[in-house]
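Summary of structural features
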Amino acid sequence: MTQNSEKSAILEEIIYSRRSVRNFSPEIPSQERIEKLVLAGLNAPFAAAAVGDRQDFRRFFVIRQDSPSRGELEMVVAAHLKKTVKKLTSLPFKALGLTKKLAKLIERLKKAKLPEAPYIIILAEYNGIPSVAPQALAHAAENIWLTASAEGLGFQLLSMFETMKTDKALCGLLGLKPGEYSLLGCAIGIPMEPMGPVKRPDAKTLTKWL
Ligand SMILES: Cc1cc2nc3c(=O)[nH]c(=O)nc-3n(C[C@H](O)[C@H](O)[C@H](O)COP(=O)(O)O)c2cc1C
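Residues numbered from 1 in each chain as written. Predicted model: local features only at pLDDT ≥ 70, side-chain atom pairs only at ≥ 80, totals over all residues.

1. Some remarks on the overall build of the chain
- The secondary structure content of the chain amounts to ten helices and four strands.
- Shown N-terminal to C-terminal, the secondary structure of the chain runs as helices and strands in the order α-α-α-β-α-α-α-α-β-α-β-α-β-α.
- C-alpha extents for the chain along the principal axes are approximately 60 × 45 × 40 Å.
- Every one of the 210 residues in the chain was classed for burial, and the buried ones make up 26%. (Helix = DSSP H or I, 4+ residues; strand = E, 2+ residues; numbered from the N terminus. Buried ≥ 20, exposed ≤ 12 C-beta atoms within 10 Å, placed from the backbone.)

2. Quick word on the site of the ligand
- The full set of residues close to the ligand is Arg 19, Ser 20, Arg 22, Gln 156, Leu 157, Leu 158, Ser 159, Met 160 and Val 198.
- Here the residues of the shell around the ligand are counted per class, giving four nonpolar, three polar and two charged. (Near = placed C-beta within 6 Å. Nonpolar A, V, L, I, M, F, W, Y, C, P; charged D, E, K, R; others polar.)

3. What about the pairing of strand β4 (residues 181–189)?
- The buried fraction of β4 is high, at nine of nine residues.
- Here β4 shows no split at all, with Tyr 181, Leu 183, Gly 185, Ala 187 and Gly 189 on one side and Ser 182, Leu 184, Cys 186 and Ile 188 on the other all buried.
- Here strand β2 (residues 119–126) pairs with β4 via eight bridges, running antiparallel. Across the sheet, the residue bridging to Tyr 126 is Tyr 181, located in β4. (Pairing = 2+ DSSP bridges.)

4. Quick notes on the packing of helix α4 (residues 68–88) against helix α7 (residues 103–111)
- The N-to-C vectors of α4 and α7 enclose an angle of 155°; their axes lie 9 Å apart at closest approach. Between α4 and α7, the angle falls in the class roughly antiparallel. The handedness of the crossing between α4 and α7 comes out as left-handed. Together, Leu 81, Thr 84, Val 85 and Leu 88 of α4 and Ile 106, Leu 109 and Lys 110 of α7 make up the contact between the two elements. (Axes fitted to C-alpha atoms, helices over the stretch in contact; angles between N-to-C directions. Parallel < 35°, antiparallel > 145°, perpendicular 65-115°, else oblique. Left-handed = near helix turned anticlockwise from the far one by under 90°. Contact = placed C-beta atoms within 7 Å.)

5. Points about the packing of helix α2 (residues 31–42) against helix α8 (residues 133–150)
- It is at 7 Å that the axes of α2 and α8 come closest, and there the two elements cross at 140°. Taken together, the axes of α2 and α8 are oblique relative to one another. Like other packed secondary-structure pairs, α2 and α8 cross with a definite hand, here right-handed. Residues Lys 36, Leu 37, Ala 40 and Gly 41 of α2 form the contact with α8, whose participating residues are Ala 140, Asn 143, Ile 144, Thr 147 and Ala 148.

6. Looking at the nonpolar core
- Counting residues in hydrophobic clusters, the biggest one holds 40 residues, and the most contacted among them are Leu 123 and Ile 188.
- Secondary-structure elements contributing two or more residues to this core are α2, α4, β2, α8, β3 (154–158), α9 (168–174) and β4.
- Filtering out sequence-adjacent residues up to four positions away, Leu 123 remains in contact with Gly 41, Phe 60, Leu 137, Ala 140, Ala 141, Leu 183 and Leu 184. (Core = buried A, V, L, I, M, F, W, Y, C linked by C-beta atoms within 7 Å.)

7. Let's talk about the pairing of β2
- Most of β2 sits out of view: eight of its eight residues are buried.
- Alternating positions in β2 separate into two faces, Tyr 119, Ile 121, Leu 123 and Glu 125 on one and Ile 120, Ile 122, Ala 124 and Tyr 126 on the other, with burial throughout.
- Here seven bridges tie strand β1 (residues 58–64) to β2, and the two strands are oriented antiparallel to one another. Looking at β2, one finds that Arg 59 is bridged to Ala 124.

8. Quick word on α8
- Relative to the 26 Å expected for 18 residues at 1.5 Å per residue, α8 spans 26 Å between its end C-alpha atoms, a close match to the ideal helical length.
- Where α8 is concerned, the buried positions are Ala 133, Ala 136, Leu 137, Ala 140, Ala 141, Ile 144, Trp 145, Thr 147, Ala 148 and Ser 149.
- Of the surrounding secondary structure, the elements contacted by the buried residues of α8 are α1 (4–17), α2, β1, β2, β3 and β4.
- Directly after α8, the chain includes Gly 152, whose backbone phi takes a positive value near 75°. (Expected span 1.5 Å × (residues − 1).)

Encoded structure:
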């Protein structure tokens with residue numbers, strides 16, 4: 001059995017080496033490695049009181065880069081982004097001054113697309129009562145992220161899927177009822193280049209002891 005200090009040192013090393021990877025090598029990680037990530041995501045906390053006895057409170061959709069579903073997903077995402085930009089630049093948004101305020105976001109959305117990564121994983125969490133599925137998904141994503149770091153795999157969070165839980169085309173592709181599950185996505189692959197450790201401000205300046 002590993003001593004607690006050794007376990008803590010390993011955990012610390014994983015936490016500080018976890019980074020957002022946005023540039024992936026074309027090399028395809030094995031299915032077993034992806035299954036390990038899915039298992040880590042499944043073992044993250046879930047809101048038991050909100051989802052009741054459902055065994056399918058959390059679902060995982062693994063989309064391979066060379067699959068027909070990947071092409072479909074690209075089209076669905078492009079259509080969703082176009083619709084979002086259209087909405088944000090529509091007359092009511094302009095009249096409220098929101099189009100101007102959101103100019104940077106709109107420019108980002110215009111250029112957004114799925115990353116070139118061997119796998120896209122879409123995580124889905126059942127929307128129970130109270131609705132805390134997005135928080136649960138963040139826990140699942142963090143477990144996957146840390147496991148990916150420990151495994152030498154790259155992870156990019158794709159928050160665009162958060163706004164797509166009622167998108168009929170996406171839910172149709174995944175076989176979900178629109179609105180029944182909240183969604184979050186991530187891209188997985190081998191990092192193209194090594195990433196440095198995380199950089200954050202000094203914790204002492206951000207902590208107040210009372
Ligand atoms: C709620 C949330 C949403 C995020 N969405 C995205 C995203 O859609 N695409 C992306 O590349 N990174 C996304 N990120 C990653 C952050 O940009 C990243 O964690 C931050 O810049 C710090 O970099 P690091 O992860 O390398 O430490 C998101 C992070 C959080 C917490």
